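# Structural overview for review
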Amino acid sequence: MSILTLSDIRKGKIITLDGEPFLIASAEFLRKQQRRPVVRSILRNIKTGQTREHSFQQSDKVPEADVEKKPYQFLYSDGGVYTFMDQATYEQVELSADVTGDAAQYLLEGQEAAIVLFEGQPIGLELPIKIDRKVIDAPPGVRGDTSSNVTKDITVEGGVKMKAPMFIEEGETIRIDTRDGSYVERA
């Protein structure tokens, strides 16, 4: 277990506060004139699901929660329930949509993902930072009165809609950053 300082507090980290595990849902660094820096955050209690606001001061030190990440293979989804298989024991685990979060939109059958466990209970899902997906719909690009960063709406495998550069065409494979859903490069 490591101790987090003000600069380590970020979205996605899991901490222990008042003896309870919390997921940092958002963290905003604030520094006003002649004041000490503060990180204003929204914390979600992993056990109860309740959220609360908390401001971390420069002198605060918070222990990181002891979590385990286990590799699983995604099998299928059925009505907002996602089924994964442990590749070592072939045991199946079902996760609800609130546990998988935004990562669920990037899941394809057979894909590997890490399930985050706290005291044996699944609390989250982690995908690789960059994944490759085939473009299934990309309308022809029409360049208007713009000077740079021209993008168009495309659809990739799994039905995810996103923005990509004008030169991307249907059938190409692109690399996506799963943290923010942005286009990275051609694969």
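## Let's talk about the sheet that holds strand 16 (residues 182-186)
Spatially, five strands are ordered 14-13-12-15-16 in an open sheet, and the strand pairing comes out antiparallel. Of all the strands in the sheet, just strand 14 (160-165) and strand 16 have a single pairing partner and so form its edges. Adjacent strand axes in the sheet meet at a mean angle of 55 degrees when their direction is disregarded. Pairing analysis gives four bridges linking strand 15 (residues 173-177) to strand 16, with the strands arranged antiparallel. Opposite D177, over in strand 16, you have S182 as the bridge partner.

## Structural notes on the sheet that holds strand 7 (residues 68-78)
If you walk across this open sheet you meet the five strands as 9-8-7-10-11, and the pairing is antiparallel. Looking at the sheet topology across the chains shown, the edges are occupied by strand 9 (92-96) and strand 11 (121-126). Taking each pair of neighbouring strands and ignoring which way they run, the sheet shows an average axis angle of 45 degrees. Where strand 7 meets strand 8 (residues 81-86), six bridges bridge the pair, whose relative direction is antiparallel. Bridge pairing in strand 8 links F74 to F84.

## Points about the pattern of salt bridges
Counted by the stated rule, this structure contains 10 salt bridges. Among the salt bridges present, the one from K70 reaches D86, with a minimum N-O distance of 3.3 Å. Residue K70 is located in strand 7, and its partner D86 is located in strand 8; the two are separated by 16 residues in the primary sequence. Among the residues examined, D86 registers a relative accessible area of 7% and is labelled buried. The shortest N-O distance in the salt bridge between R175 and E185 comes to 2.7 Å. Within this pair, whereas R175 is found in strand 15, its partner E185 is found in strand 16, the two being separated by 10 residues in sequence. Exposure remark for R175: the relative accessible area of 23% places this residue in the partly exposed category. Members of the salt-bridge network, linked through shared partners, are D132, R175 and E185.

Thresholds, definitions, all that
Residues numbered from 1 in each chain as written. Predicted model: local features only at pLDDT ≥ 70, side-chain atom pairs only at ≥ 80, totals over all residues. Heavy atoms only, no water. Pairing = 2+ DSSP bridges. Helix = DSSP H or I, 4+ residues; strand = E, 2+ residues; numbered from the N terminus. Axes fitted to C-alpha atoms, helices over the stretch in contact; angles between N-to-C directions. Salt bridge = Lys/Arg side-chain N within 4 Å of Asp/Glu carboxyl O. Buried < 20%, exposed > 50% of the residue type's maximum accessible area, 1.4 Å probe, protein only.

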